[in-house]
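Here are the chains, one letter per residue:
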Amino acid sequence: MTVQKTLSILKPDVTRRNLTGKINAKIESAGLRIIAQKRLWLTRAQAEGFYAVHAERSFFNDLCEFMTTGPVVVQVLEGNDAVAAYRDIMGATNPANSAEGTIRKEFAESIEANSVHGSDSEENAANEIAYFFSQTEIVG
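This text gives an overview of the structure that appears in the document. (Residues numbered from 1 in each chain as written. Predicted model: local features only at pLDDT ≥ 70, side-chain atom pairs only at ≥ 80, totals over all residues. Heavy atoms only, no water.)

### A look at the packing of aromatic side chains
Note on aromatic pairs: each is described by the distance of the centres and the angle between the planes.
Okay, step 1: Inspection of the entire model under this criterion finds 4 aromatic pairs.
Okay, step 2: An angle of 45° between the planes, with centres 5.2 Å apart, marks the rings of Phe50 and Phe132 as tilted. Taken together, the positions of Phe50 in helix α3 (residues 44–50) and Phe132 in helix α7 (residues 122–132) put the pair 82 residues apart, joining distant regions of the chain.
Okay, step 3: Residue classification places Phe50 among the buried positions, given a relative accessible area of 10%.
Okay, step 4: Among the aromatic residues, those joined into a ring-pair cluster are Phe50, Tyr51, Tyr131 and Phe132. (Phe/Tyr/Trp six-rings, centres within 6.5 Å; stacked < 30°, edge-to-face > 60°. Helix = DSSP H or I, 4+ residues; strand = E, 2+ residues; numbered from the N terminus. Buried < 20%, exposed > 50% of the residue type's maximum accessible area, 1.4 Å probe, protein only.)

### Describing the sheet that holds strand β1 (residues 3–10)
Okay, step 1: Judged by pairing direction, the sheet is antiparallel, and its 4 strands sit side by side in the order β2-β3-β1-β4 without closing on themselves. Each end of this open sheet is capped by a strand with a single partner; those strands are β2 (33–40) and β4 (116–118). Neighbouring strand axes in the sheet, compared pairwise and without regard to direction, differ in orientation by 20° on average.
Okay, step 2: Relative to β4, β1 runs antiparallel, the two sharing 3 bridges. Across the sheet, residue Ser8 finds its bridge partner in β4, namely Gly118. (Pairing = 2+ DSSP bridges. Axes fitted to C-alpha atoms, helices over the stretch in contact; angles between N-to-C directions.)

### Considerations on the layout of surface pockets
Okay, step 1: In this structure, the largest pocket occupies an estimated 800 Å³ of space.
Okay, step 2: Taken together, 27 residues form the lining of the largest pocket, with Tyr51, His54, Phe59, Leu63 and His117 sitting closest to its centre.
Okay, step 3: If you list the elements that add at least two residues to the lining of the largest pocket, you get α3, α4 (60–67), α5 (82–90), β4 and α7.
Okay, step 4: Among the residues making up the lining of the largest pocket, the classes are represented as 10 nonpolar, 9 polar and 8 charged. (1 Å grid on protein atoms, 1.4 Å probe; cavity = no way out; pocket = protein on both sides within 12 Å on 5 of 7 lines; lining within 4 Å. Points joined across faces, edges and corners; volume = space filled by probe spheres on them. Nonpolar A, V, L, I, M, F, W, Y, C, P; charged D, E, K, R; others polar.)

Here it is, written out as structure tokens:
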């Protein structure tokens, strides 16, 4: 197993319902460490920049709109195969298709308000982490 870092975003539906602690407990109980964390209210420009890879997709505008409706919690997680491990803990994008015990099955309100974002590859994790954090903010 390889120790990796991955990005996690707890979305506005999580912060609005005060679920940050419950979701962090699930992350940590799954063996991932939170090695950086901050609460932000994304601007439209930040949301568009972060999700630029989806700019041509039909959901891009709604996603950016949703991500600016309230604060988010951005985090760097570390652990064995962290990218895959966190994606397993998150569950499917559509909470209706998520396995029992996953974050999205337990906490998501809808496919749009699906509570969390996680990097989908090591390369994207590195880029996404760098989007929100300087190296001095990551304390392993």
